[in-house]
Amino acid sequence: MAAEKNKQFDPTSVLHEIEEKFEMFQILNEDGKIVNKESDPNLSDEQLTELMERMVYTRILDQRSIALNRQGRLGFYAPTAGQEASQLASHYALEKDDFILPGYRDVPQLIFHGLPLHMAFLWSRGHFLGSEIPEGLNIFPPQIIIGAQYVQAAGVALGFQKRGTKSVVMTYTGDGGTSQGDFYEGLNFAGAFRSPAIFVVQNNQFAISTPREVQTAAKTLAQKGIAAGIPSILVDGMDPLAVYAVTKDARERAVKGDGPTLIETMCYRYGPHTMAGDDPTRYRTSDIDSEWEKRDPIVRFRLYLESKNLWNEEKENEVIERAKQEIKDAIKQADQAPKQKVTDFLKIMYTGDMPYNVQEQFDIYTEKESK
Amino acid sequence: MAQLTMIQAITDAMRTELKNDENVLVFGEDVGKNGGVFRATEGLQKEFGEERVFDTPLAESGIGGLAIGLALTGYRPVMELQFFGFLFEVMDSVNGQAARMSFRSAGKLNAPITIRSPFGGGVATPEMHADSLEGLVAAQPGLKVVIPSTPYDAKGLLISAIKDENPVIFLEHMKLYRSFRQEVPEEEYTIPLGKADVKREGTDLSIITYGAMVQESLKAAEALEKDGHSVEVIDLRTIQPLDVETIIASVEKTNRAIVVQEAQRQAGIAANVVSEIMERAVLSLEAPVLRVTAPDTIYPFAQGENTWLPKADDIVATAKKVLEF
């Protein structure tokens, strides 16, 4: 056997040192107990209740959306159950003027930022009026291309920075999104310009069927931010207090001019990737499912709020009933949207005057549609 | 009036709009201190500061996404794509995202982005720098694609592109950057997008073309004139949307046409022009409409460019076929 070489370098140890630093940040454990008192964001009773209401509402919205989809009354739908803390607690740390560039699963954040529910349904149905964003609402329609929102978020963040606006941009992708080139380009740009962006990676363990371990050799997704010089943190994505605390902190640093943050939220989606035929039993076992169900964000937050006498069955039922009623009303409103016409499409193709080809086709379809 | 090269006229257009509108931002790889690899942004950072004219990290998709995000916050980004051969790196931001901004927001949002890029060939760049990829962007609804062939047009068209509320791809032929000078007014003026220019009037044949092939076509027209043929040369200037009015008026006058493009035959623009003529003016034609193009290969390495690119002689030969049909 050849003698071992005398090595003065060890890149592997550098990797391991970095990886070891990423422990999962948690405040509220699975039993609804505070385990990290010094990091408790100390939300007021009203805030805690409001956050819980939003999470419960969203769980109902998810259940109803799945049912409506099966009845053929919704179109594209990506289930959200299991990700409520990741989605809504991160959003809860934002201000009204902050900008959200969502992925296709991030509809709840848009709704609580101000998108009328019936518009979310119209978007799901593939009606163009679902993307007609109300004036002054700082959101972009859900992004379908994986990662594209990351590079665009870098642009919005730079825009805010140049305008001197004390607002931040928040963008979301999943674990699969961190494999895309745009993920790195977005992080790198925001890092290089020190722009006020918050990049959330919702690690729900599977990119459709591909498990995180097949996705990347990186031990955590949060560590990917380090390469771009961006403060990064791994957080229990089913712990609403932890998600809120790290996002609030990221927002404060962004507004102060300290640049972007990457937040990996460790979570799980209980449902399929989308309602378009994905069957999770092909790539997940019921053991894994039940393991994650024990960490349910709503269950643990309920336990916590009950221990503070802020929550009970009656309150939860109120939210459930309200959600059901509002969903019913919104579906009715969505049903009343006008039938889409080719002339509508041609009208919104360009801003300003129509190019000749569009104008010609507009005239042809106006004639056709008048019959 | 100053005698400017096309690249000077382009710089002048950006300077004019940086002065006119504080929302105009110029950025890309090496556009700041270095003034761009072709020096198109020379002096602009010095004049307008690093806030308005700035270098980005080296990543084309990032630059495209940055432009879209800046547009969302009310800016008018003028981004430089260092070479159009790098289009593939930013294809999603351009064709997939910017082009659909108005459509996907039901007309509520717009992307007044100008994407400037050197393109075309004949200047011996390394592989994947020179290319004629205009067909890929012209085929995308939601974009406008502009290709000037003279310094005067370049300034007026670029100002229009920057003022336009839609994403505009502004392609600058590398060979034309410094090939000749022309009088260019110092003040702001615009040339409408989507409007072709009759660069030379004639009665026997229309040559419809754009970019560097305008100069080749003018040379060909002169040669044909010596043989007694009166040739009209139309510079499309905007290849999406096409100015069909000018094209059809010319064909109806001359009854004969050829379409000349530097790009490969299958690349689309000339084919589009032929289709428009067939649909709208077939009864005016005395002969089939023929095309002069590069052959359908990958863009060749530098030493092969000369044998590959269409030239005035090729145009003359094709024109004669149509004239003698």
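Being a predicted model, the structure only gives us computed values, none of them experimental.

Draft legend 1. Highlighting the pairing of strand β3 (residues 197-203) of chain A. All names here are of chain A. With seven of seven residues buried, β3 lies mostly within the body of the structure. Because side chains alternate across β3, one face comprises the buried residues A197, F199, V201 and N203, and the other comprises I198, V200 and Q202, equally buried. Direction of pairing for strand β2 (residues 169-174) relative to β3: parallel, over a ladder of six bridges. Its bridge partner being in β3, Y172 is matched across the sheet by V200. Assessed by its sense of winding, the connection that carries the chain from β2 through helix α7 (residues 181-193) to β3 is right-handed.

Draft legend 2. Structural detail: the domain arrangement of chain A. Taken domain by domain, chain A holds domain 1 (21-30 + 39-337) and domain 2 (341-371). Between domain 1 of chain A and domain 2 of chain A, the C-alpha centre-to-centre distance is 37 Å.

Draft legend 3. Region of interest: the environment of B:A270. Residues and elements named next belong to chain B. As for its placement among the helices and strands, A270 is situated in helix α10 (residues 269-281). Separated by 20 residues in the primary sequence, A270 and L290 have C-alpha atoms spaced 9.3 Å apart. Dropping the residues within four chain positions of it, A270 is found in contact with V259, Q261 and R291.

Draft legend 4. Quick peek at unusual backbone geometry. Residue and element names in this part refer to chain B. In this structure, the amide linkage connecting Q240 to the following residue, P241, adopts the cis form with an omega of -5 degrees. Along the chain, P241 turns up in the loop between β12 (238-240) and α9 (244-254). At R39, a position not held by glycine, the phi torsion is positive, near 70 degrees. By secondary structure assignment, the location of R39 is in the loop between β2 (24-28) and α2 (44-48). For R39, a relative accessible area of 33% translates into the label partly exposed.

Draft legend 5. Region of interest: the environment of A:K166. Position of A:K166 among the secondary structure elements: in the loop between α6 (148-163) and β2. Considered as a pair, A:K166 and A:A78 are 88 residues apart in the sequence and their alpha carbons are 32 Å apart.

Draft legend 6. Geometry of the UniProt feature "domain: Transketolase-like pyrimidine-binding" (unreviewed entry) in chain B. Following the UniProt record, one finds the feature "domain: Transketolase-like pyrimidine-binding" (unreviewed entry) at residues 4-179 of chain B. Each end of residues 4-179 of chain B is marked by a C-alpha atom, and these two atoms are 11 Å apart; helix forms 35% of the span and strand 16%.

Draft legend 7. Examining helix α12 (residues 313-335) of chain A more closely. Residue and element names in this part refer to chain A. In this model, α12 (23 residues) spans 33 Å end to end at C-alpha, consistent with the 33 Å of a helix rising 1.5 Å per residue. Among the residues of α12, those classed as buried are E316, V319, I320, A323, I327, A330, I331 and A334. In this structure, the buried side of α12 is in contact with α2 (45-70), α5 (117-125) and α11 (297-307).

Draft legend 8. Inspection of the sheet that holds β2(B) at higher detail. Residues and elements named next belong to chain B. Overall, mixed pairing links the seven strands, which are arranged β3-β2-β4-β5-β7-β6-β12 in an open sheet. Sheet topology places β3 (53-55) and β12 at the edges, where each strand pairs with a single neighbour. Across the sheet, the mean angle from the axis of one strand to that of its neighbour is 20 degrees, orientation sign disregarded. In this sheet, β3 lies alongside β2 in parallel orientation, the contact comprising three bridges. In the strand pairing of β3, V26 is matched with V53.

Draft legend 9. Spatial organisation of the sheet that holds strand β7 (residues 261-266) of chain A. All names here are of chain A. Read across the sheet, five strands follow the order β1-β2-β3-β7-β6 without closing on themselves; strand pairing throughout is parallel. Taken across any chain shown, the strands that pair with only one partner, and hence form the sheet edges, are β1 (99-101) and β6 (232-236). Adjacent strand axes in the sheet meet at a mean angle of 20 degrees, parallel and antiparallel pairs treated alike. Direction of pairing for β1 relative to β2: parallel, over a ladder of three bridges. The partner of I100 across the bridge, within β2, is M170.

Calculation rules
Residues numbered from 1 in each chain as written. Chains lettered and ligands numbered in written order. Predicted model: local features only at pLDDT ≥ 70, side-chain atom pairs only at ≥ 80, totals over all residues. Heavy atoms only, no water. Buried < 20%, exposed > 50% of the residue type's maximum accessible area, 1.4 Å probe, protein only. Helix = DSSP H or I, 4+ residues; strand = E, 2+ residues; numbered from the N terminus. Pairing = 2+ DSSP bridges. Right-handed = clockwise from strand over helix to strand, strands pointing away. Domains from an automatic or database assignment. Contact = heavy atoms within 4.5 Å. UniProt positions renumbered as here; feature names shortened; annotations may be inferred. Expected span 1.5 Å × (residues − 1). Axes fitted to C-alpha atoms, helices over the stretch in contact; angles between N-to-C directions.

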